[in-house]
Amino acid sequence: MTTWVLLVAAIASGWMLWRQRAPETAPAKAQFRPDYVLNDLELIALDDHGREAFTLRAPHLTRDPSAKSMDIQTPLFMIPPSPGKAGTPWAVRSATAWVAPKGDEIRLRGQVKADSQDAQGRPVNITTEELNVFPNTKRATSTAKVAMTQPGFILNGRGLDAQLDAKRIVLQSDVKARYERTAR
């Protein structure tokens, strides 16, 4: 009889302990699995009118199937001028980039460098840590520190609003300019 009492007590104790255990936690959400991955790519994105919005060259691109956005490692974007506008394309590089589902916004992060030429053919260089580019409207913005250089001229500030077609660049605050004599 004692054996049966001990057995029932053991089963009852085990059952009570089992009921008081911590509830199972849901497994952590896995990161998205890309619906495609491209390596060593060159991509030409078109705008709504079928014209080139930008060309992309990069060693690695992944596409998020739920957000329909793209993540890119060490991209080079070539952004041409609008049709009928004179000028050279902008070559924009960064450590990473995110491209919106419709390709109408590009967020460049880390060691961003944009190069082009002004109307006189002189180089124009912009460096920053973050830059948002809107290829369809040929516009770029940033809230980070920005440096713009041209031969003999260096402009530093915070925040940027640029019209890429017009090569019109406005720094928003903390602007400092330095002129340097150039060799002729």
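Above this text you will find the structure in question.
Every value quoted in this text rests on a predicted model; they were computed, and no experiment measured them.

(A) Layout of the overall build of the chain. Counting its regular elements, the chain contains one helix and eleven strands. Going from N to C terminus, the chain has its helices and strands arranged as α-β-β-β-β-β-β-β-β-β-β-β. Here the chain holds 184 residues, and 35% of them are scored as buried. Pairs at least 24 apart in sequence give 36% of the contacts found in the chain among residues at least 6 apart. By element, 55% of the accessible surface of the chain is carried by carbon and sulfur atoms, the whole surface being about 12300 Å².

(B) Structural detail: the pairing of strand β5 (residues 90-93). Across four bridges, strand β4 (residues 76-79) lies against β5 in antiparallel orientation. Its bridge partner lying in β5, I79 is registered against W90. Pairing of β5 with strand β7 (residues 106-117) involves three bridges; the strand directions are antiparallel. Its bridge partner lying in β7, R93 is registered against K113.

(C) Geometry of the side chain of R63. Note that R63 resides in strand β2 (residues 52-64). Relative accessible area serves as the criterion here: at 17%, R63 is assigned to the buried category.

(D) The arrangement of empty space enclosed by the protein in detail. Under the counting rule described, the total for this entry stands at two cavities of 30 Å³ or more. There is about 50 Å³ of room inside the largest cavity. If you tally residues by element for the lining of the largest cavity, the top one is strand β8 (residues 123-134), at three residues. Its residues placed into classes, the lining of the largest cavity shows ten nonpolar, no polar and no charged. Reported here for the second largest cavity is a volume of approximately 30 Å³. If you go around the second largest cavity, the residues you meet are I79, P80, P81, T88, W90, K138, L164, D165 and K167.

What counts and how
Residues numbered from 1 in each chain as written. Predicted model: local features only at pLDDT ≥ 70, side-chain atom pairs only at ≥ 80, totals over all residues. Heavy atoms only, no water. Helix = DSSP H or I, 4+ residues; strand = E, 2+ residues; numbered from the N terminus. Buried < 20%, exposed > 50% of the residue type's maximum accessible area, 1.4 Å probe, protein only. Contact = heavy atoms within 4.5 Å. Areas by Shrake-Rupley, 256 points an atom, 1.4 Å probe, with all protein chains shown as cover. Pairing = 2+ DSSP bridges. 1 Å grid on protein atoms, 1.4 Å probe; cavity = no way out; pocket = protein on both sides within 12 Å on 5 of 7 lines; lining within 4 Å. Points joined across faces, edges and corners; volume = space filled by probe spheres on them. Nonpolar A, V, L, I, M, F, W, Y, C, P; charged D, E, K, R; others polar.

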